[in-house]
Amino acid sequence: MIKIGRKTNDIIKRDKKIMFTTTREHFPFVVAKGNGDYAYDAEGNRFIDFTTFIGVYSFGVNANSEIRSAVKAQVDRLMHPAFLDFYSELPVKFSEDLVGMMPRGFGRVFLSNSGTEANEDAIKLARIFTRKSYIVSFYGAFHGRSLGSLGLTAAKTAQRENFGPFPNVVHSIFPNPYRYEGTPEECATNAIEHLEKNILKKEYSNREIAAVFIEPIQGEGGYIVPPKLFIKELRRVCDENSILLVSDEVQAGYMKTGKFLALDNFGITADIYTMAKALGGGLPIGATIAKTSLGDTPSGSHAGTFGGNLLAIAAAQASLNYVKRNMKSLQLQVKEKNRYMMKRLVELQENYEIVGDVRGIGLMLAAEFVKNKRTKEPAVKERDRIAEQSFYNGLLLLPAGDSSIRLIPPITISKENLEKGMDIFEDAIKSESKGKA
Ligand SMILES: Cc1ncc(COP(=O)(O)O)c(C=O)c1O
């Protein structure tokens, strides 16, 4: 049982006084250090990590020794190369290798520092390449919190309230099979029809819409996996209307689903990909990768001081080397661990009324909590208590969507800790369910 002491309470008190409030309200976790499957708080309590620290540490908390060594070695050479104005080999080499992981035809990269920036860059690229200005994104989407990407984000009003207006954005329906009365195919068709018959015919024509942004699996929105048909049809609509398709791989990409690109699970290719989070192995980096055929940007039209930062690139390069060298083993680990977790999740769904849905691809999994399975009314407080109790029993979890908990352990987690984590999660669900079955 985790005990929270004076040190933790004191740091949280000071945080509340000095820091602008963000989202640190789930439980009193003051992180001090981490290694492999574990994170430790300021009191020395040990936790199993099922969050990868918001989808970043795919190979264990604080990255692996290979990534850390690369950063340490780079510190003494050069940290900031002013890649905006000067040339430097490391970012070029990294971009060449990153393009090597992309489908054929991708050949230009813009480097930045975060997911939101990678999406800002994609918005600008879509506009300059098409000379059109409107962007379509989806309800439930999270593309970031800077003003361009926040316009695309439509996951919670709290994230947008008071920050608008957000011009030239239109939101369309994202198919959520769990909450649709009908088959997954009907759910997909309904969403595509809305885009084609309402948006494209009644609101903004294909002469105005530059791009459609999509998360192959909606992340912050609740780990919602769209039907394959929807993504296939979306590609068709984009092609027929000369609209660019942008895949936001910031959360779902970089091996979490067992594939380098999450969109590959759906058998289609986008025109622009954005990546961040796990890409830097723990250091801040964003990348926007476009098809060579789209062209280049005019000199001076887009740049940023810190894009191509050598510490971030050193980490990202070491991480990419690790991925390339261990591709087969990583894919196998994702497959086997997915099989184990899905088996446990399906059992939870069968055994507990509050577990409404379990879903995901690879190691990007979630359970959605409901008051009862028939009404599917979101069980928000219950979800929060389950995450909290798990925390006090030594398991780190994060919420997603209205009433879901995401389960994103490191790909390299040991089977023993995966099992322990699932046991803690089940115990919390069991005690929340007591007297409610
Ligand atoms: C799909 C997706 N896109 C973009 C972002 C924004 O990334 P960042 O927080 O690095 O700006 C996130 C962050 O959670 C995300 O999940």
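None of these values were measured; they are calculated from a predicted model. (Residues numbered from 1 in each chain as written. Predicted model: local features only at pLDDT ≥ 70, side-chain atom pairs only at ≥ 80, totals over all residues.)

Chemist: Describe in detail the overall build of the chain, supporting the description with residues and values.
Modeler: Across its full length, the chain carries 13 helices and 15 strands. The C-alpha atoms of the chain give 22 Å as radius of gyration, which agrees with the globular expectation for 437 residues (22 Å, within 12%). C-alpha atoms of the chain, sized along the principal axes, occupy 60 × 60 × 45 Å. Taking all 437 residues of the chain together, 50% fall into the buried category. Put simply, of all contacts in the chain between residues at least 6 apart along the chain, 73% involve residues at least 24 apart. (Helix = DSSP H or I, 4+ residues; strand = E, 2+ residues; numbered from the N terminus. Rg over C-alpha atoms; globule rule 2.2 N^0.38 Å. Buried ≥ 20, exposed ≤ 12 C-beta atoms within 10 Å, placed from the backbone. Contact = placed C-beta atoms within 7 Å.)

Chemist: Explain the sheet that holds strand β12 (residues 364–369) to me, using residue names and the numbers behind them.
Modeler: Pairing within the open sheet is antiparallel, and its 4 strands lie in the order β11-β12-β15-β14. Each end of this open sheet is capped by a strand with a single partner; those strands are β11 (355–361) and β14 (398–400). In this sheet, adjacent strand axes meet at a mean angle of 30° when their direction is disregarded. Contacts from helix α11 (residues 327–351) reach β11, β12 and β15 (404–407) within the one sheet, and its direction differs from that of β11 by about 165°. Set on the sheet, helix α12 (residues 380–392) makes contact with β12, β14 and β15; between it and β15 the angle comes to about 35°. (Pairing = 2+ DSSP bridges. Axes fitted to C-alpha atoms, helices over the stretch in contact; angles between N-to-C directions.)

Chemist: Go over the nonpolar core with me, naming the residues and quoting the values.
Modeler: The biggest cluster of nonpolar side chains holds 126 residues, and the ones touching the most others in it are A126, I135, V212, L244, V246, I272 and A315. Among the elements that make up this core, the one with the highest residue count is helix α10 (residues 310–325) (10 residues). Structurally, this core is a two-domain feature, drawing no fewer than three residues from each of domain 1 (6–64 + 327–433) and domain 2 (68–325). Discounting chain neighbours no more than four positions away, the residues touching A315 are A63, I67, A70, V71, G280, G281, G282 and L283. (Core = buried A, V, L, I, M, F, W, Y, C linked by C-beta atoms within 7 Å. Domains from an automatic or database assignment.)

Chemist: Can you explain the sheet that holds strand β5 (residues 134–138)? Please cite residues and give values.
Modeler: In space, the 7 strands of this open sheet follow the order β4-β10-β9-β8-β7-β5-β6, with mixed pairing throughout. In this open sheet, the two edge strands, each paired with only one partner strand, are β4 (106–112) and β6 (169–172). Between one strand and the next, the sheet's axes are offset by a mean angle of 20°, whatever the strand orientation. Against the sheet, helix α4 (residues 89–100) engages β4 and β10 (286–291), with an angle of about 130° to β4. Of the strands in this sheet, β5 and β6 touch helix α8 (residues 184–203), which is tilted by about 155° from β6.

Chemist: Just give me the short version of the packing of α8 against helix α9 (residues 228–240), but keep the residues and values in it.
Modeler: Packed helix pairs are characterised by how far apart their axes lie and by the angle those axes make with each other. Interaxial distance between α8 and α9 falls to 9 Å at its minimum, and their mutual angle equals 25°. By the angle class used here, α8 and α9 are roughly parallel. The chirality of how α8 crosses α9 is right-handed. Contact with α8, carried on its side by E185, A188, A191, I192, L195 and E196, involves L229, F230, E233, L234 and V237 of α9 and no other residues of that element. (Parallel < 35°, antiparallel > 145°, perpendicular 65-115°, else oblique. Left-handed = near helix turned anticlockwise from the far one by under 90°.)

Chemist: Can you break down unusual backbone geometry residue by residue, with the values?
Modeler: Residue P165 is reached from G164 by a cis peptide bond, and omega for that bond is 5°. Mapped onto the fold, P165 is located in the loop between α7 (157–160) and β6. Phi is positive for S242, close to 50°, though the residue is something other than glycine. Locating S242 in the fold gives a position in the loop between α9 and β8 (244–248). With 12 C-beta atoms packed within 10 Å, S242 lands in the exposed category. Of note in this structure, K376 is not a glycine but carries a positive phi near 60°.

Chemist: Before we move on, can you summarise the site of the ligand with the specific residues and values?
Modeler: In the vicinity of the ligand there are 14 residues, among which S114, G115, T116, V250 and Q251 approach most closely. Looking at which element gives the most residues to the shell around the ligand, the answer is helix α5 (residues 115–130), with 3 residues. Tallied by class, residues from the shell around the ligand come to 3 nonpolar, 8 polar and 3 charged. (Near = placed C-beta within 6 Å. Nonpolar A, V, L, I, M, F, W, Y, C, P; charged D, E, K, R; others polar.)

Chemist: Tell me about the confidence of the model for the chain, and name the residues and values.
Modeler: Summary statistics for the chain give a mean pLDDT of 97 and a share of 99% for residues scoring 70 or more. Per-element mean pLDDT across the chain ranges from 95 in α7 up to 99 in β8. (pLDDT = per-residue confidence, 0-100.)

Chemist: How would you explain the domain arrangement of the chain if you had to name every residue and give the values?
Modeler: Buried accessible area, meaning the area lost when the parts come together, often serves as the stated size of an interface. Splitting the chain by domain gives domain 1 (6–64 + 327–433) and domain 2 (68–325). A C-alpha centroid distance of 25 Å is found between domain 1 and domain 2. Every contact between the two is made by 31 residues of domain 1 and, on the other side, 26 residues of domain 2. Among the secondary structure elements, those contributing two or more residues to the side of domain 1 that touches domain 2 are α11, β11, β12 and β15. Considering every element that reaches the side of domain 1 that touches domain 2, the biggest residue donor is α11, with 5 residues. In terms of residue class, the side of domain 1 that touches domain 2 is made up of 15 nonpolar, 9 polar and 7 charged.

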